[in-house]
Amino acid sequence: QVQLVESGGGLVQPGGSLRLSCAASGIIFTFFTMGWYRQAPGKQRELVASITTVGRTQYVNSVKGRFTISRDNAKNTVYLLMDSLTPEDTAVYYCNAERRVQASVDYWGQGTQVTVSS
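Residues numbered from 1 in each chain as written. Predicted model: local features only at pLDDT ≥ 70, side-chain atom pairs only at ≥ 80, totals over all residues. Heavy atoms only, no water.

Draft legend 1. Expanded view of the nonpolar core. Formed by 28 residues in total, the largest nonpolar core has its most connected members in W36, L80, M82 and Y93. Among the secondary structure elements, those contributing two or more residues to this core are β3 (18-25), β4 (33-39), β5 (46-51), β7 (67-72), β8 (77-82), β9 (91-101) and β11 (112-116). Setting aside residues no more than four positions away along its own chain, L80 makes contact with L18, R19, L20, W36, A49, F67, T68, I69 and Y93. (Core = buried A, V, L, I, M, F, W, Y, C linked by side-chain atoms within 4.5 Å. Buried < 20%, exposed > 50% of the residue type's maximum accessible area, 1.4 Å probe, protein only. Helix = DSSP H or I, 4+ residues; strand = E, 2+ residues; numbered from the N terminus. Contact = heavy atoms within 4.5 Å.)

Draft legend 2. Main features of unusual backbone geometry. A positive phi angle, close to 50 degrees, is found at N76, a residue other than glycine. Along the chain, the position of N76 falls in the loop between β7 and β8. For S84, which is not glycine, the phi dihedral falls at a positive 50 degrees. By the secondary structure assignment, S84 is in the loop between β8 and β9.

Draft legend 3. Representation of the packing of aromatic side chains in the model. Evaluated as defined, the whole model comprises two aromatic pairs. Centre to centre, the rings of F32 and Y107 are 6.2 Å apart; their planes meet at 50 degrees, and the pair counts as tilted. Here F32 is found in the loop between β3 and β4, whereas its partner Y107 is found in strand β10 (residues 103-108), with 75 residues between them in sequence. A cation over an aromatic ring shows up here: R45 above the ring of Y94, its NZ or CZ 3.8 Å from the ring centre. (Phe/Tyr/Trp six-rings, centres within 6.5 Å; stacked < 30°, edge-to-face > 60°. Lys NZ or Arg CZ within 6 Å of the ring centre and 35° of its normal.)

Draft legend 4. Geometry of the side chain of S50. Mapped onto the secondary structure, S50 falls in strand β5. The buried category is assigned to S50, whose relative accessible area is 10%. Ignoring anything within four residues of it in the chain, the contact list for S50 reads T33, M34, G35, R56, T57, Q58 and I69.

Draft legend 5. Representation of the pairing of strand β1 (residues 3-7) in the model. Residues of β1 alternate between two faces, with L4 and E6 buried on one and Q3, V5 and S7 left unburied on the opposite face. In terms of strand pairing, β1 meets β3 through five bridges, oriented antiparallel. Within β3, the position partnered with E6 by the bridge is C22. (Pairing = 2+ DSSP bridges.)

Scope: geometric values only; no functional claims are made or implied.
Take a look at the structure:
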């Protein structure tokens, strides 16, 4: 029914760029705040970036100025453009869809691996 499918992960060199995509189905996309989380081995999952239904964006301090989140409502897709990547960005990146009115709902993608290494 509900699916969030991430793509675009892979191996990149330090200083490189990568664009992640998350295609959503089974939800009314415009009702949801969309976010990107990441989790590295031995660390807690952290919110990297989010974008609300009206286009307001937020970023964790460590990626400000390097990452850009955007959404295309016509395609039910959210993107994360990552520039100037460092090894500290290595993690599994997860797409999240969140709605907090009437009833709280959260959906998660399966994750996509991003590895930054030379």
